[in-house]
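Tertiary structure, described
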Amino acid sequence: LICGFIGGGEGSLKNLLTPSSAIHPEGMPLLIASVAALNGTLLSYDGTSNMLNVAGEIKNPGRNIPLALFWGIFICIVIYLLVNAGMMYVLGLDKMAASELVASDAAKRSFGMIGGGMVALFICLSVLGTTVVNILTPPRLTYAMARDRVFFKSAGIIHPKYNTPGNALLFHWVFMLPLILTGSFYMLTDMYIFILWFFNLFFIGGLFIMRKRMPDAVRPYRSWGYPWLPLLVFAGNSIFLVLVVYKDVVAYMQGKSMMMNSVAAIILTALGVPLYIWFKFRNK
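First things first, this report covers the structure right here in the doc.

Calculation criteria
- Here the residue numbers are simple positions, counted from 1 along each chain's written sequence.
- In keeping with the model being predicted, local features are shown solely for residues with a pLDDT of at least 70 and side-chain atom pairs are shown and tallied solely at 80 or more, while totals for entire chains, interfaces and linings include all residues.
- Water and hydrogen atoms play no part in the side-chain values, which are based on all heavy atoms of the structure.
- A run of DSSP states H or I qualifies as a helix once it reaches four residues; a run of E qualifies as a strand once it reaches two. Both are numbered from the N-terminal end.
- Under the scheme applied here, a residue whose accessible area is under 20% of the maximum for its type counts as buried, over 50% as exposed, and between as partly exposed, the area being computed with a 1.4 Å probe on protein chains only.
- By the counting rule applied here, Lys and Arg register as positive and Asp and Glu as negative, while His and the ends of each chain are not counted.
- Charge coordinates come from a single atom per side chain, which is NZ of Lys, CZ of Arg, CG of Asp or CD of Glu.
- As used in this record, nonpolar core signifies buried Ala, Val, Leu, Ile, Met, Phe, Trp, Tyr and Cys residues forming a set joined through side-chain atoms within 4.5 Å.
- Residue contacts follow a heavy-atom distance rule, with two residues in contact if any of their heavy atoms lie within 4.5 Å.
- Aromatic rings from Phe, Tyr and Trp, with only the six-membered ring used for Trp, were paired whenever their centres fell within 6.5 Å, and each pair was classed as stacked if the ring planes differed by under 30 degrees, edge-to-face if by over 60, and tilted otherwise.
- We define a polar contact as two N or O atoms separated by no more than 3.5 Å, with the added condition that, inside protein, one atom must be a possible hydrogen donor and the other a possible acceptor, whereas residues neighbouring each other in sequence contribute only through side-chain atom pairs.
- Only the contacting stretch of a helix is used when fitting its axis, a line to C-alpha atoms as for every element, and angles between N-to-C directions run 0 to 180 degrees.
- Each crossing gets its hand from how the near helix is turned against the far one by less than a right angle, where anticlockwise is left-handed and clockwise is right-handed.
- Polar here means any residue other than Ala, Val, Leu, Ile, Met, Phe, Trp, Tyr, Cys and Pro, which are nonpolar, and Asp, Glu, Lys and Arg, which are charged; Gly is therefore polar.

All right, on to the overall build of the chain then. Within the chain, the secondary structure is distributed over twelve helices and zero strands. Secondary structure elements in the chain, listed N-terminal to C-terminal, are α-α-α-α-α-α-α-α-α-α-α-α. Each principal axis of the C-alpha distribution contributes one length, and for the chain these read about 65 × 45 × 40 Å. Expressed as a percentage of the 284 residues in the chain, the buried residues total 23%. Each charge sign in the chain was given a centre, from 21 positive and 11 negative side chains, and these centres are 15 Å apart.

Spelled out as structure tokens, the structure:
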């Protein structure tokens, strides 16, 4: 894609240097627009965390997990920035803003209709691979929860033939199916990103709590820049979440949105609280 965009002869360096003629948000609208754009960006980089779901199956995890996270994210950043620069080179900001499928439209201009269709096909195949990973890895957490007696015992049963957490996969399938049948993947994406970063806030908070409660515990993973770097991430994460809720409420009040996705995500996730209380009570 990068070589085709920049070397295809259909773009212009002027497109990279010329600001948008139609989009000039300032103040709060600029901040809200940045937060909306971050939703897609954060989703793009989230895939690296799926590796943590199979940490128990990684050789020398204390060394290899930090290395994989660092280099995986770094390589993704470089590739995404170059692809974006290539699309800007071909289309320019205004055409990108008006496009529903930016990469496909840029490819059509660089490679023609057939080439654009092929790129769209490759994107679909890439999404299919991502979908497989996101289906197969999260049930391992549910399986581990069941083995630790903080979820239904049946979810901790290994499939007798395939040696996989088959029951945990079924639990996820039952929960996912009604969400998929809503038909709105934009809505599900917004909900997913909001809750993902909501939980990241808890993870970072947990880092400080565990350091306080267990100061002498063995820690195979170093937290670089502690405590200032985690504090910075915690503050940025909090601001992002507040602005997302603000954006959703304002859009709903102005009739621009049928639903407040962030609020719906909180309600949906809160359904797990009674389960948490029940298992905590039962394990006593």
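A few words now on the nonpolar core. Membership of the largest hydrophobic core comes to 17 residues, with the highest contact counts inside it found for Phe194 and Phe240. With eight residues, helix 9 (residues 185–213) is the single largest residue contributor to this core. With residues near it in sequence (within four places) discarded, Phe194 still touches Leu241, Val244, Val245, Ser262, Ala265 and Ile266.

The next thing to look at is the packing of aromatic side chains. The relation between two aromatic rings is expressed through the spacing of the ring centres and the mutual angle of the planes. Per the stated rule, a full pass over the model turns up 15 aromatic pairs. Their ring planes at 35° and their centres at 6.3 Å tell us that Phe151 and Phe279 sit as a pair that is tilted. Taken together, the residues Phe151 in the loop between helix 7 (138–147) and helix 8 (166–180) and Phe279 in helix 12 (residues 272–283) connect sequence positions 128 residues apart. Looking at Phe279, the relative accessible area reads 2%, which means it is buried. Between Phe152 and Phe279, the ring centres sit 5.3 Å apart and the planes meet at 80°, which makes this aromatic pair edge-to-face. You can see Phe152 sitting in the loop between helix 7 and helix 8 and its partner Phe279 sitting in helix 12, a full 127 residues away along the chain. What links up through ring pairs into an aromatic cluster is the set Phe151, Phe152, Phe171 and Phe279.

Another aspect to go through is the environment of Leu121. Tracing the backbone shows Leu121 in helix 6 (residues 102–136). Overall, the relative accessible area of 42% leaves Leu121 in the partly exposed class. Between the alpha carbons of Leu121 and Ser104 there is a distance of 9.4 Å; along the sequence they are 17 residues apart.

Bringing the side chain of Thr137 into the picture now. Locating Thr137 in the fold gives a position in the loop between helix 6 and helix 7. Polar contacts involving the side chain of Thr137 include one to the main-chain carbonyl oxygen of Val133, which spans 2.8 Å. Non-local contacts of Thr137, meaning those with residues more than four positions away in its chain, are made with Asn50, Asn53 and Val54.

This paragraph deals with unusual backbone geometry. Cis rather than trans, the peptide bond between Tyr226 and Pro227 has omega equal to 5°. Within the secondary structure, Pro227 is located in the loop between helix 9 and helix 10 (228–253). Even without being a glycine, Asn60 presents a positive backbone phi close to 45°. Summarising the element assignment, Asn60 is placed in the loop between helix 3 (28–46) and helix 4 (61–91). Its identity as a non-glycine residue notwithstanding, Asn163 has a phi of 60°, on the positive side. Tracing the backbone through its elements, the reader meets Asn163 in the loop between helix 7 and helix 8.

The next point concerns the packing of helix 9 against helix 11 (residues 261–270). At a minimum axis separation of 8 Å, helix 9 and helix 11 run at an interaxial angle of 65°. Of the two elements, helix 9 crosses helix 11, and the hand of that crossing is right-handed. Contacts between helix 9 and helix 11 pair Met187, Asp190, Met191, Phe194, Ile195 and Phe199 from the former with Asn261, Ser262, Ala264, Ala265, Ile266, Leu268 and Thr269 from the latter. Its residues assigned to classes, the contact of helix 9 with helix 11 shows nine nonpolar, three polar and one charged.

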